[in-house]
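An overview of the molecular structure
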Amino acid sequence: WTSSSRGGNGGDDTGGYGTIWALCGTAGGSRLVAGTGEGTVRIWRRTDGREPEWEGDGSIDVDVGNSEKNMGRRRRPRPVYSLDIGSARGGHGRLVTGGGGGISIFREAPAVGCSRRPSTEPRFVREAHLAPGDCHGPGHDVNCVRWHPMHGTILVSGGDDGTVKVWEFDPS
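1. Some words on the side chain of Ser104
Along the chain, the position of Ser104 falls in strand β7 (residues 102-109). A polar contact is formed between the side chain of Ser104 and the side chain of Arg126, at a distance of 2.8 Å.

Right under this line is the structure:
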């Protein structure tokens, strides 16, 4: 076994990420995604050299829609407990996250940069968000989310309330 660390005490120069609650990779192996206890998603892209290496590919602040945050009060971040990337076979490749902040769906948008040198960094745009109370009831976190492997509009979630829910996502 061989390991390569990212973040934390043995990681790269981007600093620690706090507790990592969830990990997944794309089906083709080009990206690795981690959900943190600080309400962010960290993304790495595989660089193909002589030996495969991983480089930072951005992060997403998933923790949204909290009135206390918007009013500038300090509060504890809402962790990302689960995440999944839809398969290309399912038709989209969207990222879904579940945690203390509910369910959020992101799509990759074209990278933008100055006209002389376009950015190679991907940009992720939130397409949809369900508040925690709308997912599994008030006070219940979303502990697990997964896309259906063949139907890109079907998503399932499991929560603190002990239920599994099937959702239909309408990207229009």
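Still more ground to cover, so stick around.
2. Here we look at the pairing of β7
Within β7, six of the eight residues are buried, which leaves it mostly tucked inside the rest of the structure. As paired strands, strand β6 (residues 95-99) and β7 are joined by five bridges and run antiparallel to one another. Paired with Gly99 across the bridge in β7 is Gly102. Hairpin connection between β6 and β7: a loop of two residues separates the two successive antiparallel strands.

3. Topic: the packing of aromatic side chains
Scanning the entire structure with this criterion turns up two aromatic pairs. Here the aromatic rings of Trp21 and Tyr81 are separated by 5.1 Å at their centres, their planes lie at 90 degrees, and the arrangement is edge-to-face. Of the two residues, Trp21 is situated in strand β1 (residues 20-25) and Tyr81 in strand β5 (residues 80-85); the sequence distance between them amounts to 60 residues. Residue class for Trp21 comes out partly exposed when judged on its relative accessible area of 47%. Ring centres of Trp147 and Phe169 lie 6.0 Å apart, and the angle between their planes is 65 degrees; on these two criteria the pair is classed as edge-to-face. Pair noted here: Trp147 is in strand β9 (residues 142-147) and Phe169 is in the segment after β11 (164-168), with a separation of 22 residues, a long-range link. Pair check on accessibility: Trp147 and Phe169 agree, each one buried.

4. Things to note about the sheet that holds β11
Across the sheet, which stays open at both edges, the three strands sit in the order β9-β10-β11 with antiparallel pairing between neighbours. Where the open sheet ends on each side, the last strands, each with one partner, are β9 and β11. Between one strand axis and the next, the sheet turns by 25 degrees as a mean value, whatever way the strands run. The sheet contact formed by strand β10 (residues 154-159) and β11 spans five bridges and is antiparallel. For Val156, the partnering residue across the bridge sits in β11 and is Val166.

5. Notes on the nonpolar core
Membership of the largest hydrophobic core is limited to 11 residues, which are Ala22, Cys24, Val33, Val41, Ile43, Ile60, Val80, Leu83, Ile85, Leu95 and Phe106. For this core, the elements supplying multiple residues, two or more each, are β1, β3 (40-47) and β5. Residue contributions to this core peak at three residues, all from β5. The next biggest cluster of nonpolar side chains, apart from the first, holds nine residues, and it includes Ile103, Cys135, Trp147 and Phe169.

6. A look at the confidence of the model for the protein
Residues at a pLDDT of 70 or more form 65% of the protein, whose mean pLDDT is 75. Segment residues 8-14: pLDDT under 50, and 11 contacts once partners within four positions in sequence are set aside and those in other chains are kept.

7. Considering the environment of Arg146
Examined against the element boundaries, Arg146 turns out to sit in strand β9. For Arg146, a relative accessible area of 38% puts it in the partly exposed group. Each C-alpha atom, one on Arg146 and one on Val96, is 7.5 Å from the other, the two residues being 50 residues apart in sequence. The residues touching Arg146, leaving out its near neighbours within four places in the chain, are Ser82, Leu83, Asp84, Ile154, Leu155 and Val156. A distance of 3.2 Å separates a polar atom in the side chain of Arg146 from the backbone oxygen of Leu83.

8. A word on the pattern of salt bridges
For the coordinates displayed, the defined rule picks out two salt bridges. Ionic pairing is found between Arg94 and Glu127, a salt bridge with its closest N-O pair at 2.3 Å. Remark: Glu127 occurs in strand β8 (residues 123-130) and Arg94 occurs in the loop between β5 and β6; sequence separation between them is 33 residues. Judged by its relative accessible area of 27%, Glu127 is partly exposed. Overlapping salt bridges bring together Arg94, Arg107 and Glu127 as one network.

Parameters and conventions
- Residues numbered from 1 in each chain as written.
- Predicted model: local features only at pLDDT ≥ 70, side-chain atom pairs only at ≥ 80, totals over all residues.
- Heavy atoms only, no water.
- Helix = DSSP H or I, 4+ residues; strand = E, 2+ residues; numbered from the N terminus.
- Polar contact = N/O pair within 3.5 Å; in protein donor to acceptor, adjacent residues only side chain to side chain.
- Buried < 20%, exposed > 50% of the residue type's maximum accessible area, 1.4 Å probe, protein only.
- Pairing = 2+ DSSP bridges.
- Phe/Tyr/Trp six-rings, centres within 6.5 Å; stacked < 30°, edge-to-face > 60°.
- Axes fitted to C-alpha atoms, helices over the stretch in contact; angles between N-to-C directions.
- Core = buried A, V, L, I, M, F, W, Y, C linked by side-chain atoms within 4.5 Å.
- pLDDT = per-residue confidence, 0-100.
- Contact = heavy atoms within 4.5 Å.
- Salt bridge = Lys/Arg side-chain N within 4 Å of Asp/Glu carboxyl O.

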